[in-house]
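Structural overview for review
Listed below are the residues making up each chain.
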Amino acid sequence: MSKTEPLKFVHHPHPSPLPADQRAALLKNPGFGRVFTDHMVTIRYHEKRGWHDARIEPRAPIPMDPAAAVLHYAQEVFEGLKAYRTADGGATLFRPDENARRFQQSAERLAMPSLPVPLFLESIDRLVSLDRAWIPDGDGSLYLRPFMFANEVFLGVKPSSDYLYVVIASSVGAYFKTDAPAVSVWVSEEFTRAAPGGTGAAKCGGNYAASLLAQAEAIRHGCDQVVFLDAVERRWVEELGGMNVFFVLDDGTMVTPPLGGTILPGITRASLLTLAKDKAIKVREEPYSIDQWRADAASGRLREAFACGTAAVVTPIGTVRSKDGEFKIGNGGPGTRTEELKAALVDIQRGRAADKHGWIHKVF
Ligand code: PLP
Ligand code: COI
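Please read these numbers as outputs of a predicted model, since none were measured by experiment.

Criteria and cut-off values
- Residues numbered from 1 in each chain as written.
- Chains lettered and ligands numbered in written order.
- Predicted model: local features only at pLDDT ≥ 70, side-chain atom pairs only at ≥ 80, totals over all residues.
- Heavy atoms only, no water.
- Domains from an automatic or database assignment.
- Contact = heavy atoms within 4.5 Å.
- Buried area = accessible area lost by both parts, 1.4 Å probe.
- Salt bridge = Lys/Arg side-chain N within 4 Å of Asp/Glu carboxyl O.
- Polar contact = N/O pair within 3.5 Å; in protein donor to acceptor, adjacent residues only side chain to side chain.
- Helix = DSSP H or I, 4+ residues; strand = E, 2+ residues; numbered from the N terminus.
- Axes fitted to C-alpha atoms, helices over the stretch in contact; angles between N-to-C directions.
- Parallel < 35°, antiparallel > 145°, perpendicular 65-115°, else oblique.
- Nonpolar A, V, L, I, M, F, W, Y, C, P; charged D, E, K, R; others polar.
- Buried < 20%, exposed > 50% of the residue type's maximum accessible area, 1.4 Å probe, protein only.
- Pairing = 2+ DSSP bridges.
- Near = heavy atom within 4 Å.
- Areas by Shrake-Rupley, 256 points an atom, 1.4 Å probe, with all protein chains shown as cover.
- Phe/Tyr/Trp six-rings, centres within 6.5 Å; stacked < 30°, edge-to-face > 60°.

1. Quick notes on the domain arrangement of the chain
When its domains are assigned, the chain resolves into domain 1 (9–172) and domain 2 (183–349). Relative to domain 2, the C-alpha centre of domain 1 lies at a distance of 27 Å. With 19 residues of domain 1 at the contact, the number on the domain 2 side is 20 residues. Note on domain 1 versus domain 2: buried area summed over both sides is about 1,600 Å², and carbon and sulfur give 62% of it. The three residues of domain 1 that bury the most area against domain 2 are Phe-78, Phe-94 and Arg-102, which together make up 37% of that side's buried surface. On inspection of domain 1 and its partner domain 2, the count reaches zero salt bridges. The interface formed by domain 1 and domain 2 contains nine residue pairs in polar contact (both at pLDDT 80 or more). Sorting the residues of the side of domain 1 that touches domain 2 by element identifies β5 (76–78), β6 (81–85), β7 (91–94) and α3 (96–109) as the ones contributing at least two each. Of the residues forming the side of domain 1 that touches domain 2, the biggest block, five residues, is contributed by α3.

Encoded structure:
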């Protein structure tokens, strides 16, 4: 296969997909990231052959050599996006082209090859189309996890010559297990997530590995998520372990930390910025410090704060805890602005509101 010929997917449908009654039982309360569909996509890359050997086949363990580069040097990137079931029984994706582009940017930062956008989109479409019965009803969705890793059998430290791109799908409900109306967050003062010049803006597994100790500390302090501060001054709020953050002030304006290379450029974040603009809500992308957060919560200037991301959707933040104590935000539950923006986003994602920005991609 030359690098320019379009790649043809070979289909190997599962000989014995999970029976419908067993699938239905799993979809009743799937949680997040534990229930997987029948199939997966794989595409290989070699520096001499380019992208080749595209398959859709039964989901199964991947044989790997113990010297595969990813296991040693963590050369890996991934994405996260959701497929939704529409009222007419169809399936849609939300801005998958943005995930495709971010996947390319993440790959570039990790010295990995660029997967063409049409190939990314086709891989997702094919998997959703084949496994559409796994999209839960109601508030659930099918979480797609495309990822790519270094597969060269070599212990030298260099960009791999071989890669494997894989897409798996997981039927999911809410990301947070809590029944509380808002989540609590722990401010990590000891550990940072990303430094200038590092990989903070890339969606690579290493960023999450580096966040785990801080996230474990958050859990130990009874919090749902960790909040990271900037690595230079240890002052500016950056983002949560797996989501971006917005603040709603008493004059109706909002603030969100700017993209400066150390936080993930969230597609939910970008979409909320557009939706806020549609509603003539002013949002400033500017640094917001932990001291300001504390002071604004105490004075009442801060009305609401929320986390946002594909997994978390829009989740209100009710409590902020740190070594210095804790403070509460607003009434401890979802504020009206948080609810309004969440509804605007979710209604578009679920096909209940007009898609005037062209964000919805139909899967056939
Ligand atoms: N920040 C981090 C660290 C994330 O893992 C995510 C989730 O993907 C986000 C932000 C939100 O990004 P998106 O809205 O594209 O899902
Ligand atoms: C996502 O929202 O897609 C993420 O990657 C976040 C992760 C914590 C599940």
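2. Some words on the packing of helix α6 (residues 267–278) against helix α8 (residues 336–349)
One can describe the packing of α6 onto α8 by two numbers: an axis separation of 10 Å at closest approach and a directional angle of 110 degrees. It follows that α6 is roughly perpendicular to α8 by the angle criterion. Of the residues in α8, those touching α6 at Thr-268, Ser-271, Leu-272, Leu-275 and Ala-276 are Leu-341, Ala-344, Leu-345 and Ile-348. Per-class residue counts for the contact of α6 with α8 are seven nonpolar, two polar and no charged.

3. Observations concerning the pairing of strand β17 (residues 313–322)
For β17, the tally of buried residues reaches eight of ten residues, placing the bulk of the element in the interior. Sheet topology places strand β10 (residues 183–188) next to β17; four bridges connect them, and they run parallel. Bridged to Val-183 within β17 is Ile-317. Both strand β16 (residues 302–309) and β17 contribute to a ladder of four bridges, which runs antiparallel. Bridge pairing in β17 links Phe-306 to Pro-316. A loop of three residues connects β16 with β17, the two strands running antiparallel in sequence. Bridge count for β17 against strand β18 (residues 325–328) is four bridges, and the pairing is antiparallel. Residue Arg-321 lies in a different strand from β18, and its bridge partner there is Glu-326.

4. Re the site of ligand 2
For ligand 2, the full set of nearby residues is Phe-32, Phe-78, Gly-80, Tyr-143, Arg-145, Tyr-175, Lys-203, Gly-242, Thr-310 and Ala-311. Take Lys-203: an N or O atom from its side chain is 2.6 Å from an oxygen atom of ligand 2. Ala-311 places a polar main-chain atom, nitrogen or oxygen, 2.8 Å from an oxygen atom of ligand 2. Considered on its own, ligand 2 offers 280 Å² of accessible surface; in the complex 88% of this is hidden by protein.

5. Overview of the packing of aromatic side chains
Taken as a whole and judged by the stated rule, the model has 15 aromatic pairs. Ring centres of Tyr-45 and Tyr-163 lie 6.1 Å apart, and the angle between their planes is 55 degrees; on these two criteria the pair is classed as tilted. Residue Tyr-45 is found in strand β3 (residues 39–46), and its partner Tyr-163 is found in strand β9 (residues 162–172); the two are separated by 118 residues along the sequence. A relative accessible area of 3% places Tyr-163 in the buried class. Taking the centre distance of 6.5 Å and the plane angle of 45 degrees together, the rings of Phe-120 and Tyr-165 count as tilted. Remark: Tyr-165 occurs in strand β9 and Phe-120 occurs in helix α4 (residues 117–130); sequence separation between them is 45 residues.

6. A look at the site of ligand 1
The local shell around ligand 1 holds 16 residues, among which Tyr-208, Glu-239, Ile-267, Thr-268 and Thr-310 are the closest. Separating an oxygen atom of ligand 1 from a side-chain N or O atom of Arg-102 is a distance of 2.8 Å. Protein contacts shield 96% of the accessible area of ligand 1, which totals 380 Å² for the unbound molecule. Those elements giving two or more residues to the shell around ligand 1 turn out to be α6 and β16. Taken together, the residues of the shell around ligand 1 sort by class into five nonpolar, seven polar and four charged.

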